[in-house]
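Now for the letters of each chain:
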Amino acid sequence: MNPEELLYWLRGTGLQIAASVFVLGMIYRVLYPLLLGRKKNLAEPRGTEWGPGLRTIWRRSYALPELSPRGKLTVIAGYIFHLGFFITLFFLSQHIVMFRGILGFGWLALPRSVIDISAILALAALVALLVHRFMDPVKRMLSGFEDYLSWLLTFLPLLTGFMLLRQIGFDYIYLLIMHISSIELLLIAIPFTKLAHMLTTFSARWYNGAMAGYKGVKA
Amino acid sequence: MKEHETLEERLTQQGISRRSFLKFCTAMASLMALPPSTATAIAAALSQAKRPSVIWLSFQECTGCTESLTRSHSPTLESLIFDMISLDYHHTLQAASGFAAEKSRDDAMRDYYGKYLLIVDGSIPTKDNGIYSTIAGRTNLDMLHEAAKGAAAIVAVGTCSSFGGLPMAHPNPTGAVPVSALIKDKPIINISGCPPIPAVITGVLAQYLTFGSLPDLDELGRPKSFYGETIHDRCYRRPFYDQGKFAKTFDDEGARNGWCLYELGCKGPTTHNACATTKWNGGTSFPIESGHGCLGCSEPNFWDGGSFYTPLAAPTADISTIAATAAVIGAGAAIALSVTDRNRKKNAQQAHEKLTVKDLT
Amino acid sequence: MSLPGVRLRDISIKVENNDTSSIGNISALMVEIATLLEKFIATGATAQIDLKSLPLGQHEYVMLRDTLGSGEVSARLDAIGLSEINETKYPGVWWATHHNIEGDIVADLIEITNCPAILASQPQDMKKGLQNLQAAIPSDINY
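Starting afresh in each chain, residues are numbered from 1 along the sequence in its written order. As they are written, the chains are lettered A onward and the ligands numbered 1 onward, keeping that order. Where local features are concerned, this predicted model is filtered to residues with pLDDT of at least 70; where side-chain atom pairs are given and counted, the filter is 80 or more; whole-chain, interface and lining totals use all residues.

Enquirer: Honestly, the overall build of chain B in this entry has me stumped. Any pointers?
Expert: Elements are defined by DSSP. Helices are runs of H or I of four residues or more, strands are runs of E of two residues or more, and each kind is numbered from the N terminus. What chain B contains, in helices and strands, is 16 helices and nine strands. Computed over its C-alpha atoms, the radius of gyration of chain B comes to 30 Å, more than 25% above the 21 Å expected for a compact globule of 361 residues. Across its three principal axes, chain B shows a C-alpha extent of roughly 125 × 55 × 40 Å. Residues with at least 20 neighbouring C-beta atoms inside 10 Å of their own are called buried, those with 12 or fewer are called exposed, and the rest are partly exposed, where every C-beta is derived from the backbone. When the 361 residues of chain B are sorted by exposure, 48% land in the buried category. Using C-alpha atoms as the atom set, the radius of gyration is obtained and then compared with a globule rule of 2.2 Å times the number of residues to the power 0.38.

In structure tokens form, the structure reads like this:
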């Protein structure tokens, strides 16, 4: 298989496999706990569940001001990474071309300078978080193989994408192959790792809010 | 063994001055994409160079490569044929036909055995012993093997002979293969392109003639001096790519402003060729300058690499249907498993027996 | 077949402005030429730039001509086609354009030198010329 054939496979069959695993896995991971249901509650609630549940989905996106300096790094770098990652993913014109190819519609791209900044910030934040994970004894103790794997799988698409745009190190075709395969690896890994939080975090938050909003015992 | 006279001897016979010869060498350096300072070295080498005998075999091809060569501007085809090489067989260009034509090939192969340059355009069908393309009743396969034996080197002109090209595209009904798939014991230079740039064909021939050696080749056997960089690397529209300014259709404002054609399927970033600098039609223009993206014709599998108009970033297959199917299966699995697990839980609860004092004794 | 009511002249085509269409090659070339000229003055090392190897934009060739201008010397060679060898307005910077018999440009060079080598008479040609000259002298004259 030459590079051209490999690239064609990655853009076709490879992406079909990765997208299928991702969609199937994520739908399953979100739906299964919801459908499993909770024990029937016979007690009468004092509050409501839906409103507070939805509000918490939103409210949990706020950073708490009263964090320790070390906690602050996690929060700030975490924010920068997530924002940078999403801006880069959804507003680079080449990515919109890809989404249009799949969804049938596209949207306006952000200027390249904005994307460059967001990608660099996301990369820097990921590096800072990894260093912090090594330095902080508590974090280091809590971290396992899956955490480092998730970090690597998130880091690689950003890194290879940045190299591709700037054409650093390799021929364009090899960089494109590396970029697309790193994304496909990430897509396949997401449903099986903590990275599934990209969707399950919302149902988890809803439960948290709903529990608080319920205001009463359950029977 | 016959020997042709040197190029300088021929030029002197024609009354060409040394200054004219130096100018010719300057043009050659430019043609070969070598630094202008090499003109002196070229002059020294060419003074001693013997005109090589060239046999040109055309197999499964469309004659586009020959058409391209005949539009070579510098040097002209005439000077190429009569001054630089001795083209002893080319069934489209030669005057002789029939038995006389085949005899001239046999003669050249015998007289210059081990020294002639073999040029091939077109792929070679191998299915059913190669019967799908024959010349004078002989298969291309047979002819190639015979001619390759005495060749000093083989030049595969065009994407078909370099990488298989159109005949090898899916489903490849004739079992077509490139020259490099059949001949393993001879140096092969691939001059890919559909067709190759005429100046690149003559440039490579000139380089072989001048220095008597093969040029530096990339991993696909193409001369680095012409295929060392991508179209994208040397594209005059590259600044627009870097700024993220793209034409979205062939007639929008971006297209009129001459913005990057990436989103219209340009394969410039993955295509190695000299179009952006050498250009076509005597340096007039090249596809991107004319407003159309690069098709990637000088790369392997270019016919099977997806639509010419699909951007490199876009998928080459239907993703949404497959993803939607996966979503349905995922939802189905979630429902089925949650129902099963709920039932298991219920059954377990029902099967549960209360612990009594009796059980503890 | 043409669509009713649509004419070629109705399609608006933007014509690039000569002044604004450089994609950066001109300034890069100016820097390169200046560096090479500096080196030539200091060390006597001549240099050449092959313009055909550069991805010049649509109007940059003309712009480069305007930028370098013309100087005191302009020479024409008639050697298997015409060649124009002109000194630019910057002494030491020459522009040599070689055509073949058909008139196509076969080499286009910026040369940094005090005189392009191709202008000088070649020893081989001089020897041949001397023979011709000697042959032209009437045989009854001794010199």
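There's plenty left to go through after this.
Enquirer: Sorry, what's going on with the overall build of chain C here?
Expert: Scanning chain C from terminus to terminus reveals three helices and five strands. Counted from the first residue to the last, chain C has its helices and strands arranged as α-β-α-β-β-β-β-α. Looking at the 143 residues of chain C, the share that counts as buried comes to 24%.

Enquirer: Can you walk me through helix α2 (residues 18–31) of chain B in this structure?
Expert: Along an α-helix, a turn takes 3.6 residues, which lines up residues three or four apart on a common side. All names here are of chain B. Take the residue count of a helix, subtract one, and multiply by 1.5 Å to get its expected span. The end-to-end C-alpha distance of α2 is 19 Å, a good match for the 20 Å that 14 residues give at a rise of 1.5 Å each. Most of α2 is tucked away: 13 of the 14 residues are buried. Of the residues flanking the end of α2, it is A33, one or two places downstream, whose phi is positive at about 60°.

Enquirer: Explain the nonpolar core to me, please; I cannot follow it from the model alone.
Expert: Across soluble globular proteins, nonpolar side chains show a tendency to be buried alongside one another. Counting 99 residues, the largest nonpolar core has I55(B), L118(B), V120(B) and I154(B) as its most contacted members. Not counting residues within four places of it along the chain, the set of residues in contact with I154(B) comprises L118(B), V120(B), A148(B), V179(B), I183(B), K186(B) and I188(B). The term nonpolar core refers to a group of buried residues, namely Ala, Val, Leu, Ile, Met, Phe, Trp, Tyr and Cys, whose C-beta atoms join them within 7 Å. Once C-beta atoms have been placed from the backbone, residue pairs whose C-beta atoms lie within 7 Å are recorded as contacts.

Enquirer: Just to check I follow, could you spell out the arrangement of the chains for this structure?
Expert: Of all two pairs of chains sharing an interface, the pair with the highest contact count is chains A and B. Of all C-alpha pairs spanning chain A and chain C, none lies closer than 18 Å, and the two are not in contact.

Enquirer: Mind showing me how you'd approach the environment of I76(A) here?
Expert: Residue and element names in this part refer to chain A. Relative to the elements of secondary structure, I76 occurs in helix α3 (residues 69–91). The exposure class assigned to I76 is partly exposed, which follows from the 14 C-beta atoms found within 10 Å. The sequence separation of I76 and P52 amounts to 24 residues, and the corresponding C-alpha distance is 26 Å.

Enquirer: Is there a simple way to think about helix α3 (residues 39–48) of chain B in this case?
Expert: Residues and elements named next belong to chain B. Looking at α3, one finds that the buried residues are A39, I42 and L46. Mapping the buried residues of α3 onto a view down its axis gives an arc of 55°, with all of them on the same face. Along α3, the residues that are exposed and aim more than 90 degrees away from the buried face are A44 and Q48. The secondary structure elements touched by the buried residues of α3 are α1 (7–13), α2 and α10 (198–211). The arc in question is formed by the directions pointing from the helix axis toward the C-beta atoms.

Enquirer: I would appreciate a short explanation of the sheet that holds strand β9 (residues 188–191) of chain B in the present structure.
Expert: To summarise the sheet geometry, strands pair through backbone hydrogen bonds and adopt either a parallel or an antiparallel arrangement. Residues and elements named next belong to chain B. In this analysis, strands are considered paired if DSSP registers two or more bridges between them. Spatially, β2-β1-β3-β7-β9 is the arrangement adopted by the five strands of the open sheet, whose pairing is parallel. Taken across any chain shown, the strands that pair with only one partner, and hence form the sheet edges, are β2 (86–90) and β9. The mean inter-strand angle of the sheet, taken between neighbouring strand axes irrespective of direction, is 20°. Sheet analysis places strand β1 (residues 53–58) next to strand β3 (residues 116–121), joined by five bridges and oriented parallel. By the bridge assignment, W56 is partnered in β3 with I119. To obtain an axis, a line is fitted to C-alpha atoms, over the contacting stretch when the element is a helix, and the angle between two such axes runs from 0 to 180 degrees between their N-to-C directions. Along the sheet, helix α6 (residues 98–111) makes contact with β1, β2 and β3, crossing β2 at roughly 135°. Of the strands in this sheet, β1, β3 and β7 (151–157) are in contact with helix α7 (residues 140–149), which crosses β1 at around 165°.

Enquirer: Mind showing me how you'd approach the interface of chain B and chain A here?
Expert: Interfaces are frequently sized by the accessible area removed from exposure as the parts join. Chain B puts 38 residues into the contact, and the matching count from chain A is 34 residues. The set of elements that each furnish at least two residues to the side of chain B that touches chain A consists of α12 (238–243) and α15 (320–351) of chain B. It is α15(B) that provides the largest number of residues to the side of chain B that touches chain A, a total of 15 residues. By residue class, the composition of the side of chain B that touches chain A is 20 nonpolar, twelve polar and six charged. Nonpolar residues are Ala, Val, Leu, Ile, Met, Phe, Trp, Tyr, Cys and Pro. Charged residues are Asp, Glu, Lys and Arg, and all others, Gly as well, are polar.

Enquirer: How do you make sense of the interface of chain B and chain C when you look at a structure like this?
Expert: Contacts between chain B and chain C engage 28 residues on the former and 26 residues on the latter. Listing elements by their share of the side of chain B that touches chain C, those giving two or more residues are α2 and α14 (275–278) of chain B. Among the elements that line the side of chain B that touches chain C, the one with the most residues is α2(B), at nine residues. Among the residues making up the side of chain B that touches chain C, the classes are represented as eleven nonpolar, twelve polar and five charged.

Enquirer: What am I meant to see in the packing of helix α1 (residues 3–36) of chain A against helix α8 (residues 172–189) of chain A here?
Expert: Each pair of packed helices gets described by two things: the angle between the helix axes and the distance between those axes. Residue and element names in this part refer to chain A. In the contact formed by α1 and α8, the axes pass within 9 Å of each other and the chain directions differ by 15°. Considering the angle they form, α1 stands roughly parallel to α8. Here α1 runs over α8; the crossing is left-handed. On the side of α1, the interface is formed by P3, L6, L7, L10, R11, G14, L15, A18, A19, V21 and F22, while α8 contributes I173, Y174, L176, I177, I180, S181, E184, L187 and I188. Oblique is the label for any angle not under 35 degrees, not over 145, and not in the 65 to 115 range, which are roughly parallel, roughly antiparallel and roughly perpendicular in turn. The handedness criterion is simple: a crossing whose near helix is rotated anticlockwise from the far helix by less than a right angle is left-handed, and one whose near helix is rotated clockwise is right-handed.

Enquirer: How should I be thinking about the pairing of β1(B) in this particular structure?
Expert: When a strand is regular, its side chains alternate between the sheet's two faces. All names here are of chain B. β1 sits mainly inside the fold: six of its six residues count as buried. Of the two faces of β1, both are covered, the one formed by S53, I55 and L57 as well as the one formed by V54, W56 and S58. Bridge count between β1 and β2: four bridges; the pairing is parallel. Residue pairing for β2: V54 is matched across the bridge by L87.

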